[in-house]
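# An overview of the molecular structure
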Amino acid sequence: MGMKKREDMLDICKTISQQLELLKVKEIRNVQTAIFYDERGVYTNYEYYAKHDKLLVTDTEFRNHPVAEKFANQMMKGANEIFIHGFTGKEVKDWLEYQKGTNVFIDSYLETASSLTYYWYSLGPVAMGISTYVPLKEEEIELFKRFRNVFELAYRRYLDIEKAEAQARESQIQLALERVRARTMAMQKSDELSEAVFVLFQQFKELGENPDQATIGVINEKEHVIEYWVTMYGNQMNKVFKFSIDEPHVTNRIYNAWKEGKKSLVIDLSGKDLLEFMAYRAGKGGAAVNPNEKRRIINVAFFSKGLLNVQSNEERSEESIKLLERFAAVFEQTYTRFLDLQKAEEQAREAKIEAALERTRTQSMIMQHSKELDDTLRVFHEQLLLLGIPSAFSFLLLPDEDKDRHIFWAAWAENNSTDFKSKAINYPLDRNEPATAQCLVDWKSNEPVVSYHVPPAGVESYFAAWQELIAGVEQLKPEYFYEGLYYVEAFMKYGCIGVMVKNDLPEDEKKILGRFAIEFERTYTRFLDLQKAEAQAKEAQIELALERVRARTMAMQKSEELKEVIQLVYEQFVHLNIYIEHTGF
């Protein structure tokens, strides 16, 4: 009745053994209690060895020997079942040899014992037993049964404690799960998975587990990788690691188990496999290879989109694995919500992009004159900034190889204001100037988007070629790009549109730039149509002016009328917006 924890069962076994000895029961080998777990094929044995004065708790398998299996099956039939079995002579030696191949305590007294007898009595889910070096007399058996009856009281107390411990443990687990759930529910973008795995690592430790590393992995079949967010030795790593699904030692085994629909997986690495995996991980920016590490055990639990895992150099209990599976189940619910949120954000982002494209498209469609391309470029620059693309200036570049010229439009916000400026220049196509030469190479490469880097040492000389365009514009001075700059260009049939930025654009922003390039191709097609229409209208005006002069000349009757003809020539030049001082014959 004084039990406080499960291990106190040992004291009960010892007390029973000592009290039986006081009552003149001799040659007691051990007193033990067994709790059976049929699905695992083991029983947890609390036992006291009298001659060795040794207390032990052992998980013992019972399906690897016919006597052990018969004993366990008999006890699991229910309360009041009895199992008595004796060994004599060589049987004792054979039984000892069998035990030496298991994890049970090896009783050295059996080396010289001539007999060994077990007496077991079932109380339902638990059994109580005694083993002796000589068979018990009938009155001694009855005495032990009386102790068994008293033990029932102790076992009820044990069950109460076990239930209380289980309830307290479950409360701790639920609190840990709730903390992971809350952090995951608060995620607004995928980058925050690094914070979620940090909380997972902390909660696992608070539950008495001690992993070196905790990881969330999202399986990306489209890119043929698993994306990992990691907390290692309590340090949150704010980056994503992408491991190929083909990596054989860990990632491929994880992927195959996930495809098979398994709930969990244990990967035990050592030797060459461990060294090769650690070298691969180091090559992806992870922790360096530790030559002193001899073993790494990775416990994995799956959810529909990926996995959670914890790693260390120690094996984990079945309870620990089940715990990880519960965390994975919680993450399944919250990650599904995160994907819904991410999808909604992507839809909102797409709507914003479409609106920006539509504004640019509308501006191009209302152009009445080729000079209005300036306004279209200003709108393009403004929309890029609204989409969060940090363009220092945006440009449209139209190479004309036939005439060996470039036409270049640029737009920027002067002095970091919202007052957008633009400028168009026409300059020689210098194939020796690095930016021009690179632009032509990229344009002909058929790549939709290309970025090239100007390192810090090259910024000043690079800007020298652009003084006409950038003079007086604060953020386009070389010192603004002291860490270097990037030109990111999206190509189309006629040239490219692009941005100058401090850092290279991520892939999603490059794709947006590519979509603007498609719109600009339509815009420039309209520009060429306008240019052609303007040229045709100009030619018609010229032809009309020529016809007026021709008609007046054909109507002359005498030479004095040349005075009127030359006056008409002057008027037609003015009408064609060609301003001259005088005309004459």
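Scroll up to find the structure.
We now turn to the structure provided with this report. (Residues numbered from 1 in each chain as written. Predicted model: local features only at pLDDT ≥ 70, side-chain atom pairs only at ≥ 80, totals over all residues. Heavy atoms only, no water.)

Looking now at helix α14 (residues 562-575). Taking 1.5 Å of rise per residue, the 14 residues of α14 would be expected to cover 20 Å, and the 20 Å separating its terminal C-alpha atoms lies within 8% of that figure. Asn 577, located one to two residues past α14, shows a positive phi value of around 60 degrees. (Helix = DSSP H or I, 4+ residues; strand = E, 2+ residues; numbered from the N terminus. Expected span 1.5 Å × (residues − 1).)

This part takes up the packing of helix α8 (residues 318-365) against helix α9 (residues 373-386). When two helices pack together, their arrangement is given by the angle between the helix axes and the distance between those axes. Packing of α8 against α9 leaves a shortest axis separation of 8 Å and a crossing angle of 170 degrees. Here α8 lies roughly antiparallel to α9, going by the angle between them. When α8 is examined against α9, the residues Lys 352, Ala 356, Arg 359, Thr 360, Gln 363 and Ser 364 are found in contact with a partner set consisting of Asp 375, Thr 376, Val 379, Phe 380, Gln 383 and Leu 386. Classifying every residue of the contact of α8 with α9 gives 4 nonpolar, 5 polar and 3 charged. (Axes fitted to C-alpha atoms, helices over the stretch in contact; angles between N-to-C directions. Parallel < 35°, antiparallel > 145°, perpendicular 65-115°, else oblique. Contact = heavy atoms within 4.5 Å. Nonpolar A, V, L, I, M, F, W, Y, C, P; charged D, E, K, R; others polar.)

Across the sheet, 6 strands lie side by side as β9-β8-β7-β12-β11-β10; this open sheet has antiparallel pairing. Looking along the sheet, the strands with just one partner apiece sit at the ends: β9 (235-244) and β10 (264-270). Going across the sheet, the axis of each strand differs from the next one's by a mean of 20 degrees, ignoring polarity. Sheet strands in contact with helix α6 (residues 251-259) are β7 (213-220), β8 (225-232), β9, β10, β11 (295-303) and β12 (306-312), and its direction is about 165 degrees off that of β10. Sheet strands touched by helix α7 (residues 271-283): β7, β8, β9, β10, β11 and β12. Its angle to β10, the strand with the most contacts, is close to 100 degrees. (Pairing = 2+ DSSP bridges.)

Going through the model one piece at a time under the given rule, you end up with 24 aromatic pairs. Relative to Tyr 98, the ring of Trp 95 has its centre 5.1 Å away and its plane inclined at 40 degrees; by these criteria the two rings are tilted. Separated by 3 residues within a single helix, Trp 95 and Tyr 98 lie in helix α3 (residues 90-100), roughly one turn from each other. Here the two residues Trp 95 and Tyr 98 agree in accessibility, since each one is buried. Three or more aromatic residues link up through ring pairs in this structure, and these residues are Phe 36, Tyr 43, Phe 62, Phe 71, Phe 83 and Trp 120. Over the aromatic face of Tyr 37 sits the side chain of Arg 40, whose NZ or CZ is 5.0 Å from the ring centroid. For the cation-ring pair, Lys 51 lies above Tyr 109, with the distance from its terminal atom to the ring centre recorded as 5.7 Å. (Phe/Tyr/Trp six-rings, centres within 6.5 Å; stacked < 30°, edge-to-face > 60°. Buried < 20%, exposed > 50% of the residue type's maximum accessible area, 1.4 Å probe, protein only. Lys NZ or Arg CZ within 6 Å of the ring centre and 35° of its normal.)

It is worth spelling out the pattern of salt bridges at this point. A side chain with one charge can pair with a side chain of the opposite charge if their charged atoms come near. Under the definition given, this model contains 36 salt bridges. The salt bridge involving Glu 97 is made with Lys 100; its shortest N-O contact spans 3.5 Å. Of this pair, Glu 97 and Lys 100 are both found in helix α3, 3 residues apart, which corresponds to roughly one turn of the helix. Note that Arg 179 is salt-bridged to Glu 206, the shortest N-O span being 3.2 Å. (Salt bridge = Lys/Arg side-chain N within 4 Å of Asp/Glu carboxyl O.)

Here we take up the side chain of Ser 394. Inspection of the secondary structure puts Ser 394 in strand β13 (residues 393-400). A polar side-chain atom of Ser 394 sits 2.6 Å from a polar atom in the side chain of His 381. If we ignore the near neighbours within four places in the chain, the residues touching Ser 394 are Leu 377, Phe 380, His 381, Leu 384, Trp 409, Ala 410, Ala 411, Gly 498 and Val 499. (Polar contact = N/O pair within 3.5 Å; in protein donor to acceptor, adjacent residues only side chain to side chain.)

Before going further, it helps to examine unusual backbone geometry. With phi around 75 degrees, Asn 80 is a residue other than glycine that occupies positive phi space. Of note, Asn 80 is situated in the loop between α2 (66-75) and β4 (82-88). With a phi close to 60 degrees, His 224 is a non-glycine residue in the positive phi region. Position of His 224 among the secondary structure elements: in the loop between β7 and β8. Overall, His 224 belongs to the partly exposed group, its relative accessible area being 36%.

Here we come to the environment of Val 180. Summarising the element assignment, Val 180 is placed in helix α4 (residues 138-185). When its relative accessible area of 3% is taken as the criterion, Val 180 is described as buried. C-alpha separation for the pair Val 180 and Glu 401, spaced 221 residues apart in sequence, amounts to 61 Å. Setting aside residues up to four positions removed in sequence, Val 180 forms contacts with Val 199, Leu 200, Gln 203 and Phe 327.

Looking now at the packing of helix α13 (residues 507-554) against α14. Axis separation between α13 and α14 bottoms out at 10 Å; the angle between their running directions is 175 degrees. By the angle class used here, α13 and α14 are roughly antiparallel. Here Ala 545, Arg 548, Val 549, Arg 552 and Thr 553 of α13 lie close against α14, whose contacting residues are Glu 564, Val 565, Leu 568, Val 569, Gln 572 and His 575. Here the residues of the contact of α13 with α14 sort into 5 nonpolar, 3 polar and 3 charged.

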